[in-house]
Each structure stands twice: as structure tokens, then as C-alpha cells.
Amino acid sequence: MTSAPSTTAAREHDEQVANAGAYEAVIERLSKASVDKHWEPYRDIPWDDPEFLVDQADPRWELPEFDKLGGHPWYRSRPPEVRAMIGLWRVATAMKIGLQFENLLKRGLLNYAYRLPNGSPEFRYVYHETIEEGHHGMMFQEFVNRTRLPVRGMPGPLSVLAQVAPWIPLISTELFFVFVLGGEDPIDHVQRKLLKDGRTHHPLEETIIRIHVAEEARHISFARHYLRNRVPRLPRHRRLLLGVISPIILGVMARIMLAPPGPMIRRFRIPAHVVAEVYLRNPAAKAEIRDSVGRTRELCGEIGLINPLTRRIWKAMGIWG
Ligand SMILES: [Fe+2]
Ligand SMILES: [Fe+2]
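Residues numbered from 1 in each chain as written. Chains lettered and ligands numbered in written order. Predicted model: local features only at pLDDT ≥ 70, side-chain atom pairs only at ≥ 80, totals over all residues. Heavy atoms only, no water.

Draft legend 1. Geometry of the coordination of the iron ion (ligand 2). Within the protein, the atoms that donate to the iron ion (ligand 2) are Glu133 (OE), Glu184 (OE), Glu216 (OE), Glu216 (OE) and His219 (ND1), at distances of 1.9 to 2.4 Å. Donor residues binding the iron ion (ligand 2) come from one chain and are separated in sequence as E-x50-E-x31-E-x2-H. Between the iron ion (ligand 2) and the iron ion (ligand 1) the interatomic distance amounts to 3.6 Å, and Glu133 serves as a bridging ligand to the pair. With Glu184 in helix α8 (residues 173-195) and His219 in helix α9 (residues 203-230), this pair connects stretches of sequence that are 35 residues apart. (Donors = N, O, S within 2.8 Å, 3.2 Å for Na, K, Ca; no water. Helix = DSSP H or I, 4+ residues; strand = E, 2+ residues; numbered from the N terminus.)

Draft legend 2. Inspection of the nonpolar core at higher detail. Counting 52 residues, the largest nonpolar core has Phe176, Phe177, Phe179, Phe222 and Leu227 as its most contacted members. Elements supplying a minimum of two residues to this core: α1 (4-36), α4 (80-114), α5 (121-147), α8, α9, α10 (236-258), α14 (294-302) and α15 (308-316). For Phe222, the contacting residues outside a window of four places in its chain are Tyr23, Ile27, Leu30, Glu122, Tyr125, Val126, Glu129 and Phe177. Judged by nonpolar contacts, the second largest core, of 34 residues, contains Ile86, Val151, Ile211 and Phe268. (Core = buried A, V, L, I, M, F, W, Y, C linked by side-chain atoms within 4.5 Å. Buried < 20%, exposed > 50% of the residue type's maximum accessible area, 1.4 Å probe, protein only. Contact = heavy atoms within 4.5 Å.)

Draft legend 3. Layout of the coordination of the iron ion (ligand 1). Looking at the iron ion (ligand 1), the protein donor atoms are Glu102 (OE), Glu133 (OE), His136 (ND1), His212 (NE2) and Glu216 (OE), and they sit 1.9 to 2.3 Å from it. In primary sequence terms, the donor set of the iron ion (ligand 1) follows E-x30-E-x2-H-x75-H-x3-E.

Following this line, the structure appears as C-alpha cells:
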């Protein structure tokens, strides 16, 4: 008899070591990049420069025609200062929800790092990420303050429910990084689209988004490499469970990130039929939700989280491609 099984095992072991080496090299590269290229909101953003001041009636806040709400006849028939304020309200709400999500994320990252063993390369990177998210939180809140709009973040009950998120790493670090991508990917999708839409943006908004997109690229890369490294090695039953829960988390989170703010609807008395036409019955709104999780969906396929059963959950959540 040949010693095929042990040879295979040895080869598998070699591959695992090679993969582990490549994975650790990526983490080291990300850590180094965090030192070489990072921004600080109170050093790198000229908040008090006259060009950067926020005026609620600035026409640059108006939503463009190609926007789902911006193109609706109800919106177009509002006076210019109301159109500008609605646009600003939406930007400020996205930043407020973003900073709340990142607050949960930071606490989860610290819970994850708390238990890491000495010498773990993830420890340093996760601290870099936590510090960067600290800067993002200050940057987003400073923007919200300067709009002087009474924006709220997540709706109250959801905010209460969200308090379990920082504890997910204690149950499953893989599930936690799916949650991370569930928030970061839709935000990144929307922000990149804005930078490429060819319009003139307010310089404060543009600066904040450019800084955010640049640093988020590393966070998203870390989460993706972490999942690629860990998920294929999970026992089958845990991988199946992760495959069932992931599309539920991703579907809910994409909606939280992209849904219309309730206080804005009430404040501007946006009629129910307009909300339904723009956000609920609109194929473009549904496509946006699907597209915003596109990269994470591909990753889930790649690491074995999609099978005929879990695909049905992706479809039921409205996020299947
Ligand atoms: Fe961030
Ligand atoms: Fe991030």
C-alpha cells in the first residue's frame, strides 16, 4: 500500500502553511498601510474654512434627477431651500447611522481582540482599525453637528436590538466579520457611487467621503481575508449555520443603511404614496439593495456559504443577484 493519505495530508498541511503565510503577510501589509496613510479629522479637515461651512440652503445639497427621490415630481415641486434641506438631511442621517454602526463595530473588535493570544498578527491590525473607526465617528458626528439638523440614527427599537452586535465575536468571530461587511459594504458602495457621479459636491462632504473610502478599503479587505482564511476550515455544521444566518444579517443591514429616514419623512410630510413609489415599489431601490451586498455575496459563494438551501434565504431576503 502506498502512503497516499498521509502524503495528501502532508500536502494539505503544506498548502495550509502557505495560505497561512500569505494571510499573515496581508495583515502585516494592512497594518503598515494604516501607519503610512491615515487621516485625523481635527488635523486634516479645515472645518472652519469659509468654503467648508455648512449652509442648509446650499443648492449643492439638492438631490439630483437621477436619484430615486430626487427625480420624483413631488421632490421637484418643492422650493429650492426645501430640496436642499432634504438632501442634507439624508447625508447627515447616513453619517449618523454610520457612526452608530461603527460604534458597535469598535466594541465588537475590542471584544475580539481581548481574547487574542500573544503574537497574533490580527491584534495589531484590529487596533489600527478601531483607532481609524474612532476618527470616523468623530468626523461624522462633527458633520452632523454642523448641519444643525435634528437627525436621529437608527430607529429606537432597532438600536436596542443592535446592542447584541458587540458580543457576536464571543459566539462566532466569522459571524461577526459577516456583520462587519454587512455594514461596511453598503456604505462603501453608496460612497463610491457618489464620488463617481460627476456632480459638484460640497467640499466638506467630499473630503469626509474620500477619507472614509480610503480607510474603509483596508477594513473591508481585512474582513474578507479573515473570512477566506477561516470559513473553509469550519466544521460542516458550523459552516451551514453561518450560511443560513449570513443572508439574514446582510439583508437586514443593507436595508438599515439604505432605508429612508423616518424623521425626514415626517418633518417634510413626504406623502405615503411618494415613499412607496420611491423606496418600496421601486425596482431601482430593490436593485440598489441587491447591488450593495454584491461583493459580499460573491465572497460567500467563494467560501462555501451558498448552497441550494441558503440560496433560497438570499432570494427571500431580496439580495440574490
Ligand atoms: Fe469607518
Ligand atoms: Fe470600517
